[in-house]
Amino acid sequence: MTHREDEVAGLLLAAGGGRRLGGRPKALLTHRGRPLVEHAVGVLRAAGCTRVHVVLGAAADAVRERARLDGCVVVENPDWEEGMGTSLRAGLASLAGTGARAALVSLVDQPGIGPEAAARTRAAFEDEESLAAASYDGVRGHPVLFGAAHWAGVAASASGDQGARAYLKARAAALTLVECGDVARPYDIDTEADLSHLE
């Protein structure tokens, strides 16, 4: 029997190769003295996710070596170069059979989104049909909560770097937006200039 608090698993997509960062894997960028992937796992844990799955791709061996991912389930995505959609598929597949009834999906390169926004979005969980996303001044962002009833559909539609965008767009009426603009900033670390956001 899954405890109520175990029902929402954290799913961190951390496979990107940082193409616009000169090929530096985003998971290994330093934030507050540790690899960014560690910070992102900590956010999901602080938001109440006791089970956290981390999808690695670029430099996966180096990430395993340098980042402390104790207690996480590490999922390697051999197709990471094809885009985030493959990581989302790999991550959702890894949650099958775990007893999780929903996945709270976050991206490794958004350190401005902290535990408050993640906890708020997680709190939108009601059952397997739940579908929610953090929004920033009304604009949908991350993290996104997918009830298990949506996993197959999300996996089927995820492609390239689009991830779940098409799936969410088609179900806008069923999607709960959780405003988080007051507690988080949804920037991405994509380019050299963005590195100034890291501490």
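A few points on the structure.

Describing the overall build of the protein
Line of reasoning, step 1. Scanning the protein from terminus to terminus reveals six helices and nine strands.
Line of reasoning, step 2. For a compact globule of 199 residues, the expected C-alpha radius of gyration is about 16 Å, and the protein comes in at 15 Å, within 12% of that figure.
Line of reasoning, step 3. By principal-axis analysis of the C-alpha atoms, the protein measures approximately 40 × 35 × 30 Å.
Line of reasoning, step 4. A separation of at least 24 residues holds for 69% of the contacts in the protein among residues at least 6 apart in sequence.

Details of helix 3 (residues 84-95)
Line of reasoning, step 1. Relative to the 16 Å expected for 12 residues at 1.5 Å per residue, helix 3 spans 17 Å between its end C-alpha atoms, a close match to the ideal helical length.
Line of reasoning, step 2. All buried positions along helix 3 are accounted for by G85, T86, S87, L88, G91, L92 and L95.
Line of reasoning, step 3. Turning to helix 3, the residues buried within the fold contact strand 1 (8-14), strand 4 (52-56), strand 6 (102-107) and helix 5 (151-157).
Line of reasoning, step 4. Downstream of helix 3 by one or two residues, G97 has phi in the positive range, about 80°.

Examining the sheet that holds strand 9 (residues 176-179)
Hydrogen bonds along the backbone pair up the strands of a sheet, which may run parallel or antiparallel.
Line of reasoning, step 1. If you trace the seven strands from one edge of the open sheet to the other, you get 5-4-1-6-8-7-9, paired in mixed fashion. Of all the strands in the sheet, the pair left with one neighbour each is strand 5 (73-76) and strand 9. Put simply, the sheet's adjacent strands are angled 25° from each other on average, direction ignored.
Line of reasoning, step 2. The pairing of strand 4 with strand 5 spans four bridges and is classified as parallel. Across the sheet, L56 pairs through a bridge with E76, a residue of strand 5.
Line of reasoning, step 3. The sheet strands contacting helix 3 are strand 1, strand 4, strand 5 and strand 6, and the helix crosses strand 1 at an angle near 150°.

Description of the side chain of Q110
Line of reasoning, step 1. As for its placement among the helices and strands, Q110 is situated in the loop between strand 6 and helix 4 (115-122).
Line of reasoning, step 2. Among all residues touching Q110, those that are not within four sequence positions of it are H142, P186, Y187 and D188.

Description of helix 4
Line of reasoning, step 1. Among the residues of helix 4, those classed as buried are A117, A118, T121 and R122. The arc that holds the buried residues of helix 4, viewed along the axis, is 135°, so those residues lie on one side.
Line of reasoning, step 2. Contacts made by the buried residues of helix 4 are with strand 1, helix 1 (36-46), strand 6, strand 7 (131-136), strand 8 (139-147) and strand 9.

What about the nonpolar core?
Most often, soluble globular proteins have nonpolar side chains that are buried together.
Line of reasoning, step 1. Of all hydrophobic cores here, the largest spans 41 residues; its most connected members are L12, A14, V37, V54, V63 and L69.
Line of reasoning, step 2. For this core, the elements supplying multiple residues, two or more each, are strand 1, helix 1, strand 4, helix 2 (60-66), strand 6, helix 4 and strand 7.
Line of reasoning, step 3. Here the element with the most residues in this core is helix 1; it accounts for six residues.
Line of reasoning, step 4. Sequence-distant contacts of A14, defined by excluding residues within four places in its chain, comprise A27, V37, V54, V55, L56, G57 and V108.
Line of reasoning, step 5. By size, the runner-up hydrophobic cluster in this structure holds 24 residues, among which are V105, V154, Y167 and L175.

Thoughts on the packing of aromatic side chains
Line of reasoning, step 1. Per the stated rule, a full pass over the model turns up zero aromatic pairs.
Line of reasoning, step 2. Here the basic side chain of R171 rests over the ring of Y167, its NZ or CZ set 3.7 Å away from the ring centre.

A short note on the state of the cysteines
Any covalent bond linking the sulfur atoms of two cysteines counts as a disulfide.
Line of reasoning, step 1. Per the counting criterion, the structure on display carries zero disulfides.
Line of reasoning, step 2. Looking at the unpaired C49, the closest cysteine sulfur is the one in C72, lying at 11 Å.
Line of reasoning, step 3. Cysteine C180 shares no disulfide, and the gap to the nearest cysteine sulfur, in C49, comes to 14 Å.

A word on unusual backbone geometry
Line of reasoning, step 1. In the segment running from H142 into P143, the intervening peptide bond is cis, with an omega of -5°.
Line of reasoning, step 2. At R32, a residue that is not glycine, the phi angle is positive and equals roughly 55°.
Line of reasoning, step 3. With respect to the helices and strands, the residue R32 is situated in the loop between strand 2 (30-31) and strand 3 (34-35).
Line of reasoning, step 4. The phi angle at D137 is positive, at roughly 50°, despite the residue not being glycine.
Line of reasoning, step 5. Within the secondary structure layout, D137 lies in the loop between strand 7 and strand 8.
Line of reasoning, step 6. Overall, the relative accessible area of 73% leaves D137 in the exposed class.

Reading guide: rules and limits
- Residues numbered from 1 in each chain as written.
- Predicted model: local features only at pLDDT ≥ 70, side-chain atom pairs only at ≥ 80, totals over all residues.
- Heavy atoms only, no water.
- Helix = DSSP H or I, 4+ residues; strand = E, 2+ residues; numbered from the N terminus.
- Rg over C-alpha atoms; globule rule 2.2 N^0.38 Å.
- Contact = heavy atoms within 4.5 Å.
- Expected span 1.5 Å × (residues − 1).
- Buried < 20%, exposed > 50% of the residue type's maximum accessible area, 1.4 Å probe, protein only.
- Pairing = 2+ DSSP bridges.
- Axes fitted to C-alpha atoms, helices over the stretch in contact; angles between N-to-C directions.
- Arc of directions from axis to C-beta.
- Core = buried A, V, L, I, M, F, W, Y, C linked by side-chain atoms within 4.5 Å.
- Phe/Tyr/Trp six-rings, centres within 6.5 Å; stacked < 30°, edge-to-face > 60°.
- Lys NZ or Arg CZ within 6 Å of the ring centre and 35° of its normal.
- Disulfide = S-S within 2.5 Å.

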